[in-house]
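# Topology and contacts: notes
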Amino acid sequence: MEYDDFFHYTSRLLMADVMDDVKVEFSKPKSAKQRFMFTRALLLKHKMLASTLDMGIQYDHPATSKSLRQSGNALFKAELYEEAADMYTKSLRGSKPSSECYALAMANRSAAHFHMGKYEQCLTGARCAMGANYPSKLAYKLYERAGRAERILGFVERAKESYAVCLTRLDKADMSAENKRKFRAAVEIAATECEQLLTEQKRTMETPSVEHLVGGRNENIPALSAFVELKMSEDMGRGVYATRDIYPGDVVAIDEPYICGPFRDDIEVCHYNGCLKLGFALFRCPKCQLVYYCNEDCMNKDYKDGHNLACPIIYFIKLTPGFPRMNELAMKWFLKDYLKMGLKKYCLIVDNFSESKIDPMTRGFDEIGQYKSDNFLTAYSLDNSENKLPMEILFFFNCIAVDMLHYLILSGFKIPERYIGSVGASLVRILTVLDLNCRKLNINAPTVSFRRDRRLTLRIALTLYPTISLFNHSCDANIKRSGEITDRIRVMKAVQPIPKGTQLCCTYGMIYNGHDKESRQEVCNDRFNFKCNCQPCIKNWPTFNLIPNHHSILKYILNPSMADIVSSECKKFMEFTKSVEPKDHCQHLNYLYSFIKLLYANVERPFALYEDCLEMIGNAHSISTYLISICE
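This report concerns the structure included in the present document. Note that the coordinates shown come from a computational prediction; the quantities given were computed from them, not determined experimentally.

## Looking at the overall build of the protein chain
Looking only at helices and strands, the protein chain has 22 helices and 15 strands in total. Taking 632 residues into account, the globule formula puts the C-alpha radius of gyration at 26 Å, and the protein chain, at 28 Å, falls close to it. Dimensions of the protein chain, computed from the C-alpha atoms along their principal axes, are close to 90 × 70 × 45 Å. For the protein chain, the residues scored as buried account for 52% of the 632 residues in total. Within the protein chain, contacts between residues at least 6 apart in sequence are counted, and of these 69% link residues at least 24 apart. When the accessible area of the protein chain is evaluated, it comes to approximately 30800 Å², of which 51% is carbon and sulfur surface. Distance between charge centroids for the protein chain: 4 Å, based on 82 positive and 75 negative side chains.

Listed below in structure tokens is the structure:
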């Protein structure tokens, strides 16, 4: 299985020789609430739930840590910075992250890293100390050092902000008035230089164009274009269809995630749901040390959104079986809406949803007929294919939800017994909604580019876009994401002509020219529970390396009267591909749009030049200012 530790629960029940009975009993309950309560009682009976939130981490006596830090200080004064950094690391291992001793060792190691020229590590340590229990009278040092490191690394805006905070913290500094005056003057000069650099950068920087939905906003689905509508089809269910002709480059959706969070541990992303900015040396939560923020404002906002409740249990959520990042996101989702609505209203809404019969066509629309991505029920009512899930996977999700709720209760979360079933069942639904829809949309989640030559990307976020979730899959997508690919807000543009009445489809990660039909159908069936009936699948189009080349143009002409024009334009396009670098394709989008429209109307696909042009348009729509260097 692709889930971490999938057999964690069943293996222990097998050892108790009760798994056969569990399968029978788990299938009996008619409601999600009953299934959850059965699972909870089962795990409690077999003592499979944690008894405390003790992490089992032992720390040395603080005196040892202090002694190691002082030894590091002596090495630092002797300008033995590498040895000093090692000594500070040993000091960190012997102190609690919430202690002043830890903060001091982290700050001192940051200073050693600065002198070693390791500016990124310096910033990481400084940010960590800022978020920890660092003495306020010394804080000015951290911000001044952070400003210098950021300026050296080219992050002038951040350097300016660090210098500004340094000046505000200087009032508490324990130094003479004269020294304070000199220090302030030096920092003010550095801040002014940053301001001058930023002014110069703004003069030379192009202002990105603002995207607008073609035809304006849809009356009932504000994140979609007015030129589309929802319709039902027999084989694909609900989908988005064009009510007028849509052309390459037209913006068809601008959606914002309902919930989002980092996808990986090795790339620093702000955890606040309303931010998700990529960076490095972010602020750590001073309590759990496992969650990052780009600034204290985002940290405070995330605390209000629920991290104050998740903080004591985040370590345990990370260790829960399944997909740990998805489990974290599910808890984040629940806590955000619990705090917004209150427990009683939350349970009433999820109970009413589970008991009501919902029209598939109007699922997710509110009482006035609006489908809004920031609405709880819109996100909560997304398809989760629960009735198609194998029983063992559904049991697995119920076990995860039991564990998650149990951790919350252990942390002091107060929940009356009568609400436990409702909350638990809602967590199971949230997990299954995320499991299906985050997978569908992972190709559209914010990513970061690396290896320009290979055009590879790395996902940085796990996101749920309720409106983009309305788009069905095609192995030959006619819409794709557009704009800065690290943007939290996702823009979708047409990349092919879409005639009136045609369905708009994105890709769930499988494209016909990169994967053969058998492997595409296997993924669609196993991950998403449907059979793909797009044209490449019906006609079994060949993968890219087997698509007929451009030397047989006349063979693929649909309209003989256009043969000479098409042949001439194809020759021009081949010259274009030789003379224009991929990084410059975005400057020639109008030409690429006109060429693909010509081929769409006049050649039979698959046709190599059409596929080449389609790839160029898709790449030109996605730009990234962030690059990660990786070693071969």
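## Considerations on the environment of methionine 236
By secondary structure assignment, the location of methionine 236 is in the loop between β1 (228–233) and β2 (237–242). By relative accessible area, methionine 236 is classed as partly exposed at 29%. In this structure, the C-alpha to C-alpha distance between methionine 236 and asparagine 472, residues 236 residues apart in sequence, is 7.5 Å. With near-sequence residues (within four places) excluded, methionine 236 lies in contact with Asn472, His473 and Gln503.

## So, the sheet that holds β2
On the basis of which strands lie adjacent, the open sheet formed by 4 strands has the order β1-β2-β13-β10 and mixed pairing. Edge positions in the open sheet fall to β1 and β10 (472–473), since each of these has one partner strand only.

## Quick look at the environment of lysine 372
Relative to the elements of secondary structure, lysine 372 occurs in the loop between α14 (343–355) and α15 (376–380). For the pair lysine 372 and proline 466, spaced 94 residues apart in sequence, the C-alpha to C-alpha distance is 7.9 Å. Setting aside residues no more than four positions away along its own chain, lysine 372 makes contact with Pro222 and Thr378.

## Points about the packing of aromatic side chains
This structure, assessed with the given rule, holds 33 aromatic pairs. Relative to tyrosine 591, the ring of phenylalanine 576 has its centre 5.0 Å away and its plane inclined at 50°; by these criteria the two rings are tilted. Here tyrosine 591 lies in helix α21 (residues 589–602) and phenylalanine 576 lies in helix α20 (residues 563–579), a separation of 15 residues in the sequence. According to the relative accessible area criterion, phenylalanine 576 is buried, its value standing at 9%. With relative accessibility at 24%, the residue tyrosine 591 sits in the partly exposed group.

## Notes on the nonpolar core
Core analysis: the largest hydrophobic core is formed by 102 residues, its most contacted members being Ile246, Trp333, Phe334, Leu434, Phe471 and Leu504. Examining the composition of this core, we find that 13 residues originate from one element, helix α16 (residues 391–410), more than from any other. Non-local contacts of tryptophan 333, meaning those with residues more than four positions away in its chain, are made with Tyr258, Ile259, Phe376, Ala379, Tyr380, Ile430, Val433, Leu434 and Leu464. If you look at the next biggest cluster of nonpolar residues, it comprises 47 residues, including Phe114, Leu142, Leu170 and Leu198.

## A word on the packing of helix α13 (residues 324–341) against α16
One way to put it is that α13 packs onto α16 with a least axis distance of 11 Å and a crossing angle of 55°. When the interaxial angle is binned, α13 and α16 end up oblique. As α13 runs across α16, the sense of the crossing is right-handed. Residue-level contacts link Asn327, Ala330, Met331, Phe334 and Leu335 of α13 to Ile400, Met404 and Leu408 of α16. Per-class residue counts for the contact of α13 with α16 are 7 nonpolar, 1 polar and no charged.

## Notes on helix α18 (residues 517–528)
With 12 residues, α18 should cover 16 Å at 1.5 Å per step; its first-to-last C-alpha distance of 16 Å lies within 8% of that length. Among the residues of α18, Arg520, Gln521, Cys524 and Phe528 are the ones counted as buried. Taken down its axis, α18 places every buried residue within 95° of arc, on the same side. Turned more than 90 degrees off the buried face of α18, the exposed positions are Glu518 and Asp526. At its buried positions, α18 is contacted by α17 (417–440), β10 and α19 (535–538). Structurally, the start of α18 carries an N-cap: the backbone nitrogen of glutamate 518 is 3.2 Å from a side-chain oxygen of aspartate 516. Phi turns positive one or two residues past the end of α18, at asparagine 529, with a value near 60°.

Calculation notes
Residue indices follow the written sequence of each chain, beginning from 1 at its first position. Given that this is a predicted model, residues contribute local features only at a pLDDT of at least 70 and side-chain atom pairs are listed and counted only at 80 or more, while totals for whole chains, interfaces and linings are drawn from all residues. To obtain the side-chain values, all non-hydrogen atoms of the structure were used and water was disregarded. What counts as a helix is a DSSP run of H or I of at least four residues, what counts as a strand is a run of E of at least two, and both are numbered from the N terminus. Here the globule rule is a power law, 2.2 Å times the number of residues to the power 0.38, and the radius of gyration is based on C-alpha atoms. Burial classes follow relative accessibility: with a 1.4 Å probe on protein chains only, a residue under 20% of its type's maximum area counts as buried, one over 50% as exposed, and anything between as partly exposed. We call two residues in contact when some of their heavy atoms are within 4.5 Å. In this description, accessible areas are obtained by the Shrake-Rupley approach with a 1.4 Å probe, and a residue is regarded as covered only by the protein chains that are shown. Charge counting treats Lys and Arg as positive and Asp and Glu as negative, with His and both chain ends excluded. In this description, the location of a charge corresponds to atom NZ of lysine, CZ of arginine, CG of aspartate or CD of glutamate. Two strands pair if DSSP finds at least two bridges between them. Two rings from Phe, Tyr or Trp (for Trp, the six-membered ring) form a pair when their centres are within 6.5 Å of each other. A pair whose planes differ by under 30 degrees is stacked, one over 60 is edge-to-face, and the rest are tilted. We define a nonpolar core as any set of buried Ala, Val, Leu, Ile, Met, Phe, Trp, Tyr and Cys residues linked to one another through side-chain atoms lying within 4.5 Å. Note on geometry: axes are lines fitted to C-alpha atoms, helical ones only across the stretch in contact, with angles between N-to-C directions running from 0 to 180 degrees. Each angle gets one of four labels, with under 35 degrees taken as roughly parallel, over 145 as roughly antiparallel, 65 to 115 as roughly perpendicular, and the rest as oblique. Crossing handedness is defined as follows: a turn of the near helix away from the far one that is anticlockwise and smaller than a right angle gives a left-handed crossing, while the clockwise case is right-handed. Put simply, Ala, Val, Leu, Ile, Met, Phe, Trp, Tyr, Cys and Pro go in the nonpolar bin, Asp, Glu, Lys and Arg in the charged bin, and everything else, Gly too, in the polar bin. Given the number of residues in a helix, its expected span is that number minus one, multiplied by 1.5 Å. The directions considered for the arc are those from the helix axis to the C-beta atoms. Pairs of N or O atoms within 3.5 Å make up the polar contacts considered here, provided that, within protein, one atom can donate a hydrogen while the other can accept it, and that residues adjacent in sequence are counted only when both atoms are side-chain atoms.

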